[in-house]
Amino acid sequence: MTRLLILGGLDPSGGAGVTVDATVAALHEVEPLPVALTATVQSLRGFDRAEPIPAAVWRAQVTAVLADGPVAAVKIGFLGDAALVADVAAVLAPLAPEVPVVVDPVLSATAGGMEPGAALVAASRAHLAPLAALVTPNAHELQALAAGAPAALLAAGAGAVLRKGGHGTGAEAVDELWIDGASTRWARPRLGCGPVRGTGCALASAIASRLAHGAPLPAACARAGDWLASLLGRVEPRRDGLPQVLPLSRAGTAPR
């Protein structure tokens, strides 16, 4: 079975992180290989803190799963620490560019409470961008990483940038893919579901899963975005105003 290496944070509330990544990969008929690099303390009410997993542990886990056989793609999510970013990039460098790496540069939390800091932003730009076949920032993350300019991330070494439109305003949510200075846009109706946790994790993992199956990058981004929009269309806002979680348990196998 096609295998996807997943690196990121462990969310005890199940709304984001490697738990969501692994579920999305399985829904896309990809074997998930989740390695938690940080343990987080968070819930629907906000992000409290993150505690790094000892480097000797996660490095041994990555070595073990790679020894079992090749991976077809890699998805990187929340890291939360500048030194960890550099370590992860060094470990994965032998895989790229033959194996596509999708980087979801998590610098904020939907429920609030996460402050990335300048060192993490700089490390993400310096170490993860050159490794990435695709970086998937939302508007806030793109502003932090590249002053809002996808071209700046491309100049830093990223193969492509998908600027997500979920945090924007207006009747449509517009995702825009930048490759070699040219862009492709997908506009979808903005849904009234309220804040939903894990959307960035799910989108990046869906794209990585499709790349693992051999889909071209634009097609992977388009189909993954359509799939996520269909899920969000099933979400009703909570009356208490807290964020929702994606209804992955009712999603069914994703069409290729």
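Higher on the page you've got the structure.
Just so it is clear, the model here is predicted, and its values are computed rather than measured.

### Observations regarding the overall build of the chain
- For the chain, the helix and strand inventory stands at 8 helices and 11 strands.
- Relative to the compact-globule value of 18 Å for 256 residues, the chain shows a C-alpha radius of gyration of 17 Å, a close match.
- Its C-alpha atoms put the chain at 45 × 40 × 40 Å along the principal axes.
- Summarising the internal contacts of the chain: among those between residues at least 6 apart in sequence, 69% fall at separations of at least 24.
- Carbon and sulfur atoms form 56% of the exposed surface of the chain, whose accessible area is close to 10800 Å².

### Examining the nonpolar core
- Ranked by size, the top nonpolar core spans 42 residues in total, and within it Leu134, Leu162, Ile207, Cys221, Trp227, Leu246 and Leu248 carry the most contacts.
- Broken down by secondary-structure element, the contributors of at least two residues to this core are strand S1 (3-10), helix H1 (17-27), helix H7 (199-212) and helix H8 (217-232).
- With sequence-adjacent residues up to four places away left out, Leu162 is seen in contact with Leu134, Val135, Thr136, Pro137, Asp175, Glu176, Leu177, Trp186, Leu203, Ile207 and Cys221.
- Counting residues in each nonpolar core, the second largest holds 38 residues, with Trp58, Val65, Val85 and Val101 among its members.

### Focus on H8
- An ideal rise of 1.5 Å per residue puts 22 Å on 16 residues; H8 measures up with 22 Å between its terminal C-alpha atoms.
- Of the residues making up H8, those classed as buried are Leu217, Ala220, Cys221, Ala222, Ala224, Gly225, Trp227, Leu228, Leu231 and Leu232.

### A few points about unusual backbone geometry
- Here Ala96 and Pro97 are connected by a cis peptide whose omega angle stands at 5 degrees.
- The residue Pro97 is located in the loop between helix H3 (82-92) and strand S5 (101-103) in this model.
- A positive phi is found at Glu29, a non-glycine position, where the angle reads about 60 degrees.
- Structurally, Glu29 is set in the loop between H1 and strand S2 (31-43).
- For Ala147, which is not glycine, the phi torsion reads 50 degrees and is therefore positive.
- With respect to the helices and strands, Ala147 occurs in the loop between helix H5 (139-146) and helix H6 (150-155).
- You can call Ala147 exposed: its relative accessible area is 59%.

### Structural notes on the packing of aromatic side chains
- This model, assessed by the stated rule, comprises 1 aromatic pair.
- Ring centres of Phe47 and Phe78 lie 5.7 Å apart, and the angle between their planes is 65 degrees; this geometry places the pair in the edge-to-face category. In this pair, Phe47 sits in strand S3 (residues 46-52) while Phe78 sits in the loop between strand S4 (73-76) and H3, placing the two residues 31 residues apart along the sequence.

What counts as what
- Residues numbered from 1 in each chain as written.
- Predicted model: local features only at pLDDT ≥ 70, side-chain atom pairs only at ≥ 80, totals over all residues.
- Heavy atoms only, no water.
- Helix = DSSP H or I, 4+ residues; strand = E, 2+ residues; numbered from the N terminus.
- Rg over C-alpha atoms; globule rule 2.2 N^0.38 Å.
- Contact = heavy atoms within 4.5 Å.
- Areas by Shrake-Rupley, 256 points an atom, 1.4 Å probe, with all protein chains shown as cover.
- Core = buried A, V, L, I, M, F, W, Y, C linked by side-chain atoms within 4.5 Å.
- Buried < 20%, exposed > 50% of the residue type's maximum accessible area, 1.4 Å probe, protein only.
- Expected span 1.5 Å × (residues − 1).
- Phe/Tyr/Trp six-rings, centres within 6.5 Å; stacked < 30°, edge-to-face > 60°.

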